[in-house]
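Summary of the model geometry
The primary structure of each chain is shown beneath.
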Amino acid sequence: MSIAELPDKVRRPATRAGPPAKSAILEITPLITEIIEGGQDVGSIAPVSMPAAGRLGAAVNHLKFAWPEMSAGWPVWAWQIWFATILLTSMAAAFVLGPPLVAVTVLAGLSLTFFCFSLLRIHSLCNGLRPILAFETERFQVPSQTDEELPDYTILVPLFGEAGIVTDLVLALEALTYPVSKLQVLIILEEADQATRDAILRTPLPAHFVVITVPPGQPQTKPRALNFALLEARGEYVTVFDAEDVPEPDQLQKAVAAFRFGPKNLACVQARLNVYNPEKSWLTRQFTIEYTMLFDWLLPGLQALDLPVPLGGTSNHFRKSYLVAAGGWDPFNVTEDADLGIRLARMGYGVSVLNSTTWEEAPHRPSAWMRQRTRWLKGWMQTYLVHTRQPLQLWRDLGAWRFWGLHALMGGPIVSALVHPWFYVLAAMNAWHGTLLQAPANLNGQLLWALGVFNLVSGYATAAGLGAIAVQRRSRPWLSLHTLIMPVYWLMISYAAYRALFQLVSAPYYWEKTEHTARTAQHDPAAGNAG
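In this text, all values refer to a predicted model and were calculated from it rather than measured experimentally.

Interaxial distance between helix H12 (residues 366-387) and helix H15 (residues 486-506) falls to 8 Å at its minimum, and their mutual angle equals 60°. The angle between H12 and H15 places the two elements in the oblique class. Crossing geometry of H12 relative to H15 is assigned as right-handed. On H15, the residues touching Trp369, Met370, Arg371, Arg373, Thr374, Leu377, Lys378, Met381, Gln382 and Leu385 of H12 are Tyr489, Met492, Ile493, Tyr495, Ala496, Ala497, Arg499, Ala500, Leu501, Gln503 and Leu504.

This next bit is on the side chain of Gln372. The topology assignment puts Gln372 in helix H12. According to the relative accessible area criterion, Gln372 is buried, its value standing at 7%. Filtering out sequence-adjacent residues up to four positions away, Gln372 remains in contact with Phe287, Pro363 and Thr514.

This part covers the nonpolar core. Within the largest apolar cluster, 72 residues are counted, with the highest numbers of intra-cluster contacts made by Leu156, Phe287, Phe318, Trp329, Leu340, Leu344 and Trp369. Looking at this core element by element, the count peaks at 10 residues for helix H9 (residues 282-304).

With that out of the way, let us pick up helix H13 (residues 391-433). Along its 43 residues, H13 runs just 43 Å from first to last C-alpha, ending more than 12% under the 63 Å computed at 1.5 Å per residue. The largest bend in H13 is about 115°, located at Gly399. In the stretch just after H13, Gly434 is the one whose phi turns positive, near 75°.

Both faces of the sheet carry side chains from a regular strand, because those side chains alternate between them. Among the 8 residues of strand S2 (residues 183-190), 8 are classified as buried, and the element is accordingly described as predominantly covered. Of the two faces of S2, the one holding Leu183, Val185, Ile187 and Leu189 and the one holding Gln184, Leu186, Ile188 and Glu190 are both buried throughout. Pairing of strand S1 (residues 153-158) with S2, which is carried by 6 bridges, proceeds in the parallel orientation. Across the sheet, the residue bridging to Pro158 is Ile188, located in S2. Read from S1 through helix H5 (residues 166-174) to S2, the crossover connection turns out right-handed. Where S2 and strand S3 (residues 209-214) come together, 6 bridges link them in parallel fashion.

Attention shifts here to the environment of Trp329. As for its placement among the helices and strands, Trp329 is situated in the loop between helix H10 (320-325) and helix H11 (336-346). Classification of Trp329 by relative accessible area gives buried; the value is 3%. When the C-alpha atoms of Trp329 and Arg224 are compared, they prove to be 7.5 Å apart, with 105 residues separating the residues in sequence. Residues within four places of Trp329 in sequence aside, it is in contact with Leu156, Pro223, Leu226, Asn227, Leu230, Val240, Phe318, Leu323, Glu336, Leu340 and Arg343.

Let us look at the side chain of His516. Looking at where His516 falls in the secondary structure, it is placed in the segment after H15. Only 3.0 Å separates the side chain of His516 from the side chain of Glu162, close enough to count as a polar contact. In this structure the side chain of His516 is engaged in a polar contact, spanning 3.4 Å, whose partner is the side chain of Glu244. Setting aside anything within four residues of it in sequence, one finds His516 in contact with Glu162, Ile165, Glu244 and Glu361.

A few words on the confidence of the model for the protein chain. Looking at the protein chain, the pLDDT average stands at 83 and 82% of residues meet or exceed 70. Within the model, the stretch residues 1-49 combines pLDDT values under 50 with 90 contacts to residues more than four positions away or in other chains. Contacts of residues 526-531 to residues separated by more than four positions or lying in other chains number 14 contacts, the stretch itself having pLDDT below 50.

On to the sheet that holds strand S4 (residues 237-240). Sheet strands line up and pair through hydrogen bonds in the backbone, either parallel or antiparallel. The mixed open sheet is built from 8 strands, whose spatial order is S3-S2-S1-S4-S7-S6-S8-S5. Two strands bound the open sheet, and with one partner strand each, they are S3 and strand S5 (246-247). In this structure, strand S6 (residues 266-275) lies alongside strand S8 (residues 350-360), joined through 9 bridges in parallel fashion. Note on S8: the bridge partner recorded for Leu266 is Gly350. Helix H8 (residues 251-261) contacts S1, S2, S4, S5, S6, strand S7 (316-319) and S8 of the sheet and is inclined by roughly 170° relative to S8. Across the sheet, H11 touches S6, S7 and S8, and the angle it forms with S7 is around 40°.

Two numbers describe a pair of aromatic rings. These are the distance of the centres and the angle of the planes. Counting across every chain of the model gives 17 aromatic pairs. Arranged with centres 6.0 Å apart and planes meeting at 50°, the rings of Phe287 and Trp376 form a pair that is tilted. On the criterion of sequence distance, the pair formed by Phe287 in helix H9 and Trp376 in helix H12 is long-range, its members being 89 residues apart. The residues Phe287 and Trp376 share a single accessibility class, namely buried. Their ring planes at 90° and their centres at 6.0 Å tell us that Phe318 and Trp329 sit as a pair that is edge-to-face. Taken together, the residues span a long stretch of sequence, with Phe318 in strand S7 and Trp329 in the loop between H10 and H11 at a distance of 11 residues.

As a further point, take a nonpolar patch on the surface. On the surface, a cluster of nonpolar side chains totalling about 540 Å² of accessible area is made up of Trp79, Phe83, Leu87, Leu88, Met91 and Val106. Among the elements that line the nonpolar patch, the one with the most residues is helix H3 (residues 78-97), at 5 residues. When you line up the elements, Leu88 lands in helix H3. Take Leu88: its relative accessible area is 57%, and that puts it in the exposed class.

Each pair of packed helices gets described by two things: the angle between the helix axes and the distance between those axes. Axis separation between H11 and H13 bottoms out at 10 Å; the angle between their running directions is 145°. Across the interface between the two elements, Ile342, Ala345 and Arg346 of H11 pack against Gln393, Leu394, Asp397, Leu398, Arg402, Leu406 and Met410 of H13. Looking at the contact of H11 with H13 residue by residue, the class counts come to 6 nonpolar, 1 polar and 3 charged.

All chains considered together, the criterion is met by 13 salt bridges. Linking Arg234 and Asp152 is a salt bridge whose minimum nitrogen-to-oxygen distance equals 3.5 Å. Separated by 82 residues along the polypeptide, Arg234 in the loop between helix H7 (222-230) and S4 and Asp152 in the loop between helix H4 (99-128) and S1 bring together distant segments of the chain. Residue classification places Arg234 among the partly exposed residues on the basis of a relative accessible area of 32%.

Tracing the backbone shows Asp168 in helix H5. Residues Asp168 and Ala243 lie 75 residues apart in sequence; the distance between their C-alpha atoms is 8.3 Å.

Here is what the cut-offs are and how they apply
Residues numbered from 1 in each chain as written. Predicted model: local features only at pLDDT ≥ 70, side-chain atom pairs only at ≥ 80, totals over all residues. Heavy atoms only, no water. Axes fitted to C-alpha atoms, helices over the stretch in contact; angles between N-to-C directions. Helix = DSSP H or I, 4+ residues; strand = E, 2+ residues; numbered from the N terminus. Parallel < 35°, antiparallel > 145°, perpendicular 65-115°, else oblique. Left-handed = near helix turned anticlockwise from the far one by under 90°. Contact = heavy atoms within 4.5 Å. Buried < 20%, exposed > 50% of the residue type's maximum accessible area, 1.4 Å probe, protein only. Core = buried A, V, L, I, M, F, W, Y, C linked by side-chain atoms within 4.5 Å. Expected span 1.5 Å × (residues − 1). Bend = angle between axes of the 7 residues up to and from the residue. Pairing = 2+ DSSP bridges. Right-handed = clockwise from strand over helix to strand, strands pointing away. Polar contact = N/O pair within 3.5 Å; in protein donor to acceptor, adjacent residues only side chain to side chain. pLDDT = per-residue confidence, 0-100. Phe/Tyr/Trp six-rings, centres within 6.5 Å; stacked < 30°, edge-to-face > 60°. Patch = residues over 30% accessible without salt bridge, like charges linked within 9 Å, V, L, I, M, F, W, Y side chains within 5 Å. Areas by Shrake-Rupley, 256 points an atom, 1.4 Å probe, with all protein chains shown as cover. Salt bridge = Lys/Arg side-chain N within 4 Å of Asp/Glu carboxyl O. Nonpolar A, V, L, I, M, F, W, Y, C, P; charged D, E, K, R; others polar.

Written out as structure tokens, the structure is:
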């Protein structure tokens, strides 16, 4: 595919202004541009054409130096620090001079943010209850295709600390029905992870599996490993699976159909993620409700509203040429998936939700859950800082509707998680003074009080209602009652948000690894599959 064939709205890193490459290892920038403009497939790059050190340096620094405004490698820009400092100082000073005015202003802003969330849930509920679901359109069903008609497909599987589930991984990937003659599976290992490397050596691998070892280096993150392996990919399409994933067998064929029948600018289709071990603990049950709402209802709702779709960390399927044009993954962002989804939207690419499920393991221990959620929230903070560092450019890229949508969708969850426990504190103080249900005397205060009550009631009601309907659609009605303890789960998310904020300052690129266990004796994923 040539540059001229890409959608008109698309902006590519190679055409962006930015500081020159800082090292010879960045020779990959003109190399990739030359290949795309020359109509060649990126998969034709021979791995031996670049030294290992150069490939590793390119995997780490390509986006950081070729398109610095899109990289978390530069954590915070100076104006963002000054803006935050001036804002907080001004608020503190104003609070000393006039506490009621500041309190009303802050509460009004927060109420508006929470109101947007309630509207999104209501819209997603209405969108999902239509007789024909927007994300289950029949035109994306698998058409009749011979093996020769299917394109080459590459699966990237980054592993770290996964020695115990290698056998499960191989079995899950072997169950895919895509023709092996067109399939390339790249198992990506870290050189320092001797246990997983030994487990791979002990496991018989099919001929279409290729093992890639990433040299040591920093940051040691999943996106760094993905970038390193991308040069080995020979497929027209590329997808990412995690070690514990169990994708539905025909998922790749459905993805091909989605691309072939979808719009020209469709760069990625995101499969629905769900959980195969909800019965393990109350945490896995809350996690299952949350995932089912997000991938079965909220993401399709965002798609229907033409808002940017933050990707999940696995089972996102890409046109490889578009992925390369977008700069690949940001190795400095610990939620590289959400960041890439926003970057694709800014470049004019489309993202669609695929009617196919990948089953995952939910962490059942609070410590494991907390580490994972801290990393996710830290990554969302990184992503929000990256994409708001040039507000005017963001406006030009997205337009007014999606610009404000991005602030609500990316900034809103962060603010919500941070301030949520303080509402409990405020409610407790009002209850102590006997003013919990007492409306203010002035009109402005009454309006704000009414909006706050509406947000509180609608927030819980829409989340619980949507969660209950979502799990029932997945033939798991027994989970519906567990939506009643969502407030406890949300408080845990708030604690994770404060951990994430601390790490954003102290260790922005630290990747808190999620532990996984073998699926032996766990719930059969297929048993939870329903419309």
